[in-house]
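# Per-entry structural report
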Amino acid sequence: MTQKKQSFHYIAFVLVLLLFVASLSAVFSRSKTKPTEQIVPILTKIARDMNQYCPTMLSESLRSDKVESQGNNLILHYSLVESDLGEINSIDLISDIEKDMVPTICKMDVWRKVLLKGAVFKAYYYDKHGKNIGNIDISYEKCLHYEQCENIK
């Protein structure tokens, strides 16, 4: 996959993430329940709200298919509509996307708060035939690991 397409995927991801953050901020500001009780209904609402826009093309090669809430997990499903699993190095691709995604999520205060309360952000990527390319999971622990690695540099 070219650097240009990877950049498109990253930009598209950030746009979806900003929509999520706006929804999340609004819900948190109105919520009066305990933090541990907040996550599941908040993630359920966000998934429902985001699915109003799915499926949608985020770039010429990336489609947001659906968003699911399963317990403390918010799962975003993406299709790389021009990619075939047999023709790409899926391990390198997912690794490259994750390298961009983890710092973006971990540096956002609203996401850190949600992750700290036990939520896990998951992104599932599929090829143009619906075959799984790979998954990315980001938890609060992954953010702490990322920060430790950054402090060593």
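An account of the accompanying structure is given in this report. Quick caveat: nothing in here was measured; it's all calculated off a predicted structure. (Residues numbered from 1 in each chain as written. Predicted model: local features only at pLDDT ≥ 70, side-chain atom pairs only at ≥ 80, totals over all residues. Heavy atoms only, no water.)

### A word on the state of the cysteines
Scanning the model with the defined rule gives one disulfide in all. Between the sulfur atoms of Cys-106 and its disulfide partner Cys-143 the distance amounts to 2.0 Å. Between Cys-106 and Cys-143 the disulfide shows an S-S torsion of about -80°. By sign, it is left-handed. Remark: Cys-143 occurs in helix 5 (residues 140–152) and Cys-106 occurs in helix 3 (residues 90–106); sequence separation between them is 37 residues. For the pair Cys-106 and Cys-143, one class covers both residues: buried. (Disulfide = S-S within 2.5 Å. Helix = DSSP H or I, 4+ residues; strand = E, 2+ residues; numbered from the N terminus. Buried < 20%, exposed > 50% of the residue type's maximum accessible area, 1.4 Å probe, protein only.)

### A closer look at the side chain of His-77
Looking at the secondary structure, you find His-77 in strand 3 (residues 73–80). A distance of 2.6 Å separates polar atoms of two side chains, one belonging to His-77 and the other to Glu-68. If we ignore the near neighbours within four places in the chain, the residues touching His-77 are Arg-63, Ser-64, Asp-65, Lys-66, Glu-68, Tyr-124 and Tyr-126. (Polar contact = N/O pair within 3.5 Å; in protein donor to acceptor, adjacent residues only side chain to side chain. Contact = heavy atoms within 4.5 Å.)

### Quick look at the packing of aromatic side chains
Per the counting criterion, the structure on display carries two aromatic pairs. Consider the rings of Trp-111 and Phe-121, whose centres lie 5.3 Å apart with planes at 85°: the pair is edge-to-face. With Trp-111 in helix 4 (residues 109–116) and Phe-121 in strand 4 (residues 120–126), the pair connects residues that are 10 residues apart, well separated along the chain. Accessibility assignment for this pair places Trp-111 and Phe-121 in one class, buried. (Phe/Tyr/Trp six-rings, centres within 6.5 Å; stacked < 30°, edge-to-face > 60°.)

### Side note on the sheet that holds strand 5 (residues 132–138)
Across the sheet, five strands lie side by side as 1-2-3-4-5; this open sheet has mixed pairing. The sheet is open, and its two borders are formed by strand 1 (56–57) and strand 5, each paired with just one other strand. Sheet topology places strand 4 next to strand 5; six bridges connect them, and they run antiparallel. Residue pairing in the sheet places Ala-123 in a bridge with Ile-136 of strand 5. Packing of helix 3 onto the sheet brings it into contact with strand 3, strand 4 and strand 5, and relative to strand 5 it is tilted by some 25°. (Pairing = 2+ DSSP bridges. Axes fitted to C-alpha atoms, helices over the stretch in contact; angles between N-to-C directions.)

### Structural notes on the nonpolar core
The biggest cluster of nonpolar side chains holds 34 residues, and the ones touching the most others in it are Met-101, Phe-121, Tyr-125, Ile-136 and Ile-138. Those elements giving two or more residues to this core turn out to be helix 2 (35–51), strand 2 (62–70), strand 3, helix 3, helix 4, strand 4, strand 5 and helix 5. The biggest single contributor to this core is helix 3, with seven residues. Leave out the neighbours within four places in its chain, and Ile-138 touches Met-101, Val-102, Ile-105, Cys-106, Leu-115, Ala-119, Val-120, Phe-121 and Cys-143. (Core = buried A, V, L, I, M, F, W, Y, C linked by side-chain atoms within 4.5 Å.)

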